[in-house]
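Structural features, examined
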Amino acid sequence: MVAYSTNGDPWVAVSGGIDSMVLAKLCMSLPSVINKTLPKPDFHAFIVDHKARVGSHEEAHLVASRLNKMGLQSTIIPLEWPMGVKAAELASFETQARRLRYRALGQACRDHRIQLMLLAHHDDDIAESMLQNILRLQNHPASWNLRAMHGKASNIPECWGMYGVCESGEEQIETIRETGIHKDHSSKADGRTNAKEQDSVQCEGGGVKIYRPLLLFSKAKIRVTGQRYGLQWVEDETNSDVTKTTRNAIRYLLGAQRLPKAISKNSLLALHDHSEKRIEDIAKRGQELFHRAKVLVWDIRSSRLVIRLPRQRVVDKMGSMSFLKGLFEMVSPQQRVPVSSLARALHYMFLQESKPQDEGHGDEGFKFAIGGVLAERMEIPQGGLPIGYEYSDLDPLFTWNLTRAPFRRTESENVNIPFTQRGTLLLHSDTEASLSGTEQQGKKALWSAWKLWDGRFWIRMCNHTGQDLEVRAFSTEDWSPLARQLSHDEKKALRGELAAAAPGSVQYTLPVIAHFGTLADGLNWEDVILRHNQRPLRAEYRSSSHGEMLGTSKPQVSNTLASQSATVALLPDDPSG
């Protein structure tokens, strides 16, 4: 806990049970000065009222009063269930309550500008999770959710798409990189086909982290600690109903020690430790493969990756799967690309050296799509081998081009941006933090909420056009109004920008701003402000061999397209300045 107290003041999630009450007491029992130089954090507690049973509201306030006696201030967060839903009667109550709880906690952390939250999970929770994984027949350790149950800070779960909560909220800078690729396989729009670095663009990072400081302790030890402190806690009677949830049944069987030794608590904890070490080893081998690869293009404006793979005398299947998972997640619109879905990629990209005859793509190689990513194999032309490389180091025949797969008809996502009244001052997020609550309430209404489009772009606007706008994918039909609206030089510049950032069909995976209706004078860019950022990359690969770097974020497209009914126009970078 001390190690993470430097990341701002952590808040504590308290249910009122023995585990979280002990954690709260331990937090408040820390000395006023830690390690002689580090001041004691200013702790605060979150209490979630699940509103799933009678008396939950009164119980939440009882817990708050007990925390107050410790000197710990608290905030009660009531969960909001859909209208007409009786939460306690849901067959999937456990799953839905977990999602709602984490999202409510994430939003509360964001609203209070909290970056770190402490949870009171212990080693009994680890054993229960391991047995639950086994019962689900997810026998491949890479598919088990072990990362959440370890003694390190991790991203808060269940908060995908929440700006400032899930891997977002902090502006970062990333560089477009293009190097060592033959001209036939690179952008020719601006003549910088061999440039080491190109434009720098904004990325998103940060978000809320969670930390579990009690994982080394058992439930029994925590209970004894609570008794010694003379703590009072509440018991949720629904947790003892073994027929209500699978977790309850597992908790009962483990607690009663009625399971075979092979799946006893000690065996499950040993299995967890072994599996975690194995996963870490596999990830390390994947990183080593990445460092032996050659990144030829990483254009973060469109999430386009061109890479030459390392050759392996004997293919390390698990390390290669970890490596490919990192590559595909750089481009994918999905939060995660499951390891189980990458078997085909492993076969095509590592195990099968010759080009299949039945793919029907001729000399251009072949294509396949996984996790919203289109992977295309391209033959390396003569003279395409980077200086300083030997054919024995890298694939001597092929490069791989990974891009966002074309949208399917049912996949395209439209984000609505309602119009707002014109104000006297437009604010960026970095200036909002310095305003008082009243000022923020008056000014922030000018901005739309941050929206995650296609899992890749964070977008918000000040829309004073008088009509609702939407963000959607660029399409072939947009070229006709563009041709009428733009001058010859503007069209040439636009095509050049697209050829550089999103060649070919990749351009149709970029967002445009559109509205339906008529504006005689077109859009006024002083009234339509776009700040578009992409979510960061989860992969752990940070640098490749020979000094070439691979960005670790999915940042903004430098020039997004905007369209209005019969008019489509190029939107400049952040016209608000």
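Definitions and cut-offs
Residues numbered from 1 in each chain as written. Predicted model: local features only at pLDDT ≥ 70, side-chain atom pairs only at ≥ 80, totals over all residues. Heavy atoms only, no water. Helix = DSSP H or I, 4+ residues; strand = E, 2+ residues; numbered from the N terminus. Buried < 20%, exposed > 50% of the residue type's maximum accessible area, 1.4 Å probe, protein only. Contact = heavy atoms within 4.5 Å. Areas by Shrake-Rupley, 256 points an atom, 1.4 Å probe, with all protein chains shown as cover. Axes fitted to C-alpha atoms, helices over the stretch in contact; angles between N-to-C directions. Parallel < 35°, antiparallel > 145°, perpendicular 65-115°, else oblique. Left-handed = near helix turned anticlockwise from the far one by under 90°. Expected span 1.5 Å × (residues − 1). Arc of directions from axis to C-beta. pLDDT = per-residue confidence, 0-100. Nonpolar A, V, L, I, M, F, W, Y, C, P; charged D, E, K, R; others polar. Pairing = 2+ DSSP bridges. Patch = residues over 30% accessible without salt bridge, like charges linked within 9 Å, V, L, I, M, F, W, Y side chains within 5 Å. Salt bridge = Lys/Arg side-chain N within 4 Å of Asp/Glu carboxyl O. Polar contact = N/O pair within 3.5 Å; in protein donor to acceptor, adjacent residues only side chain to side chain.

1. A closer look at the overall build of the protein chain
Counting its secondary structure elements, the protein chain contains 13 helices and 24 strands. Residues classed as buried in the protein chain amount to 50% of the 577 residues present. Sequence separation of 24 or more characterises 73% of the internal contacts of the protein chain that already satisfy a separation of 6 or more. When the accessible surface of the protein chain is totalled, it reaches about 27900 Å², and 50% of it is carbon and sulfur.

2. Focus: the packing of helix α1 (residues 18-28) against helix α2 (residues 56-70)
What describes two packed helices is the angle between their axes and the distance between those same axes. Contact pair α1 / α2: the axes reach a minimum separation of 10 Å and the direction vectors enclose 20°. Judged by the inter-axis angle, α1 sits roughly parallel to α2. Of the two elements, α1 crosses α2, and the hand of that crossing is right-handed. Here M21, A24, K25 and M28 of α1 come into contact with α2, specifically with V63, R66, L67 and M70.

3. So, helix α8 (residues 317-331)
Under the 1.5 Å per step criterion, the end-to-end length of α8 is 22 Å for 15 residues, consistent within 8% with the ideal 21 Å. Burial of α8 is extensive: 13 of the 15 residues sit out of reach of the surface.

4. Structural notes on α2
Because each turn of an α-helix spans 3.6 residues, side chains separated by three or four positions end up pointing in the same direction. Between its first and last C-alpha atoms α2 spans 21 Å; for 15 residues at 1.5 Å apiece the expected length is 21 Å, and the two agree. Turning to α2, its buried residues are S56, E59, A60, V63, A64, R66, L67 and M70. Taken down its axis, α2 places every buried residue within 165° of arc, on the same side. More than 90 degrees from the buried face of α2, the exposed residues found are E58 and K69.

5. Let's talk about the confidence of the model for the protein chain
Per-residue pLDDT for the protein chain has a mean of 75; in total, 70% of the residues score no lower than 70. Per-element confidence in the protein chain ranges from a low mean pLDDT of 32 for strand β24 (residues 567-570) to a high of 96 for strand β4 (residues 44-49). Within the model, pLDDT remains below 50 along residues 354-365, and this stretch shows 19 contacts once partners closer than five positions in the same chain are excluded.

6. Examining the packing of α1 against helix α5 (residues 219-229)
Axis separation between α1 and α5 bottoms out at 9 Å; the angle between their running directions is 60°. One finds that α1 runs oblique with respect to α5. Remark: the crossing between α1 and α5 carries left-handed chirality. Facing α1, whose interface residues are I18, D19, V22, K25 and L26, α5 presents K219, I222, R223, T225, G226 and Y229. Split by residue class, the contact of α1 with α5 holds five nonpolar, two polar and four charged.

7. Notes on the pairing of strand β19 (residues 457-463)
Here β19 lies mainly inside the structure; seven of its seven residues are buried. Of the two faces of β19, the one carrying F457, I459, M461 and N463 and the one carrying W458, R460 and C462 are both buried. Inspection of the sheet shows strand β18 (residues 451-453) paired to β19 by three bridges, in the antiparallel sense. Among the inter-strand pairings, W453 is bridged to a residue of β19, identified as F457. Joining the antiparallel neighbours β18 and β19 is a turn of three residues, in which D454 adopts a positive phi near 55°.

8. Here's the deal with a nonpolar patch on the surface
Residues V242, Y252 and L253 make up a contiguous nonpolar surface patch of roughly 230 Å² in combined accessible area. Within the secondary structure, L253 sits in helix α6 (residues 246-255). When its relative accessible area of 31% is taken as the criterion, L253 is described as partly exposed.

9. A look at the environment of S56
Within the element layout of this structure, S56 appears in helix α2. With 22 residues separating them in the primary sequence, S56 and P78 have C-alpha atoms 9.5 Å apart. In this view, S56 contacts D49 and K51; residues no more than four positions away in its chain are not counted. At 2.7 Å, the side chain of S56 and the side chain of D49 are in polar contact.

10. Section: the environment of A249
Assignment of secondary structure puts A249 in helix α6. For the pair A249 and E128, spaced 121 residues apart in sequence, the C-alpha separation works out to 9.8 Å.

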